[in-house]
Amino acid sequence: MIRTLLIVVLLSAPGTAQAECRLAIALALDVSGSVDSRDYALQRNGLAGALRDPRVVQAILARPETPVDLMVYEWSDQGSTRTILPWQAMTSANALESATTRIETAPRAAMPPATALGDAMRHGIRSLASRRCWQRTLDISGDGRSNTGPRPGPLRAVAQTNDITINALVIGHPDPSETTRLTAYFRANVITGPGAFTETARDFSNYKAAMTRKLLRELTQQAISMR
């Protein structure tokens, strides 16, 4: 299955010489069974709040002639992903605000409770393969380990082959030791690519601050690499 995906992605992956944007970011939000309605709202509104942070706005809109492309989807069980923001180029403040409002207001859909992290990674890799950009990044948010579907680890090789970076935002637990173990799991099985990293939110109430830090780091890394 992974070999088949690798062939499909390689056939569709663009070359950097044909780049139309400087960075494509696919943001994957965890809506598995461990995410209740309060946590769901904190995650969705936290992402919207991070995208409205003046520092993030400035970084995204720094070069509108080679814009940042954004896409947001939710994930849970195998085969259960739902796009809430299709690919859009952030060419202006109005475009960014329109995208942010869509993220904030899209209704929640019923999703199966399982946690198919590998499947979520596979969906993001496929989505990024269509972007003609200088850099492509998949951001996975999650509060637990994969418990169904393809194992996450082998999907990292697919991302590496196609020059896709995967970063993670780990959402912590009341037990700090469990948060530490979960962060280690994401580092070992999910993140990949030059400069790949994990950001950790203490809990869902800290999601906005953690997402802001992560976006600023990604956008700063991308700006430095272009010099």
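Colleague: How should the side chain of E178 be read in this particular structure?
Modeller: Within the secondary structure, E178 is located in helix α7 (residues 176–189). Owing to a relative accessible area of 18%, E178 belongs among the buried residues under this scheme. Polar side-chain contacts of E178 include one of 2.7 Å to the side chain of R145. Not counting the four nearest positions on each side in its chain, E178 is found in contact with R145 and H173.

Colleague: Looking at this model, I keep getting lost on the sheet that holds strand β4 (residues 133–142). Mind explaining?
Modeller: Strands belonging to one sheet form pairs held by backbone hydrogen bonds; the direction of such a pair is parallel or antiparallel. Pairing is mixed in the open sheet, where six strands are placed in the order β3-β2-β1-β4-β5-β6. Sheet topology places β3 (81–90) and β6 (198–201) at the edges, where each strand pairs with a single neighbour. When the angles between neighbouring strand axes are averaged without regard to direction, this sheet yields 15 degrees. With seven bridges joining them, β4 and strand β5 (residues 164–171) adopt parallel strand pairing. Along β5, the bridge assignment pairs I140 with A168.

Colleague: When you look at the pattern of salt bridges in this model, what are you seeing that I'm missing?
Modeller: Pairing is possible between side chains of opposite charge, provided their charged atoms come close. With the rule as written, the count across this model stands at 15 salt bridges. One salt bridge connects D39 with R38, and the closest N-O pair in it is separated by 3.7 Å. When its relative accessible area of 11% is taken as the criterion, D39 is described as buried. Taking the shortest distance from any N to any O, the salt bridge between R213 and E199 comes out at 3.0 Å.

Colleague: Any chance you could explain the environment of R126 here in plain terms?
Modeller: Here R126 lies in helix α5 (residues 117–128). On the basis of relative accessible area, R126 is assigned to the partly exposed category, the value being 48%. Expressed as a C-alpha distance, the spacing of R126 and V158, which sit 32 residues apart in the sequence, is 9.9 Å.

Colleague: Just checking my understanding: could you explain the confidence of the model for the chain for this structure?
Modeller: Parts of the model with low pLDDT should not have their predicted coordinates read in detail. Looking at the chain as a whole, the pLDDT averages 90, with 89% of positions reaching at least 70. Counting contacts from residues 1–18, a segment whose pLDDT is below 50, to residues more than four positions away or on other chains yields 26 contacts. Low pLDDT (under 50) marks residues 223–227, which in the prediction has four contacts with non-local residues, meaning those over four places away or in another chain.

Colleague: How do you make sense of the packing of helix α6 (residues 152–161) against α7 when you look at a structure like this?
Modeller: Here α6 crosses α7 at 45 degrees, and the two axes come no closer than 8 Å. By the angle between their axes, α6 is oblique relative to α7. Taking contact as the criterion, the partners of P152, G153 and R156 in α6 are, on α7, Y185, R187, A188 and N189. Of the residues belonging to the contact of α6 with α7, the class tally is three nonpolar, two polar and two charged.

Colleague: Is there a simple way to think about the packing of aromatic side chains in this case?
Modeller: Think of a pair of aromatic rings as described by two things: how far the centres are apart, and how the planes are tilted against each other in angle. Counting across every chain of the model gives one aromatic pair. Taking 5.9 Å as the distance between ring centres and 75 degrees as the angle between the ring planes, the aromatic pair formed by Y185 and F186 counts as edge-to-face. The buried category is assigned to Y185, whose relative accessible area is 16%. The ring of Y185 carries R145 above its face, with NZ or CZ at 5.9 Å from the centroid.

Colleague: Even after reading the chapter, I still don't get the environment of L42, so can you show me in this structure?
Modeller: Considering the arrangement of structural elements, one finds L42 in helix α2 (residues 37–52). The class for L42 is partly exposed, based on a relative accessible area of 26%. Taking the C-alpha atoms as reference, L42 lies 5.9 Å from F204; in sequence the two are 162 residues apart. The residues touching L42, leaving out its near neighbours within four places in the chain, are F204, S205 and Y207.

Rules used throughout
- Residues numbered from 1 in each chain as written.
- Predicted model: local features only at pLDDT ≥ 70, side-chain atom pairs only at ≥ 80, totals over all residues.
- Heavy atoms only, no water.
- Helix = DSSP H or I, 4+ residues; strand = E, 2+ residues; numbered from the N terminus.
- Buried < 20%, exposed > 50% of the residue type's maximum accessible area, 1.4 Å probe, protein only.
- Polar contact = N/O pair within 3.5 Å; in protein donor to acceptor, adjacent residues only side chain to side chain.
- Contact = heavy atoms within 4.5 Å.
- Pairing = 2+ DSSP bridges.
- Axes fitted to C-alpha atoms, helices over the stretch in contact; angles between N-to-C directions.
- Salt bridge = Lys/Arg side-chain N within 4 Å of Asp/Glu carboxyl O.
- pLDDT = per-residue confidence, 0-100.
- Parallel < 35°, antiparallel > 145°, perpendicular 65-115°, else oblique.
- Nonpolar A, V, L, I, M, F, W, Y, C, P; charged D, E, K, R; others polar.
- Phe/Tyr/Trp six-rings, centres within 6.5 Å; stacked < 30°, edge-to-face > 60°.
- Lys NZ or Arg CZ within 6 Å of the ring centre and 35° of its normal.

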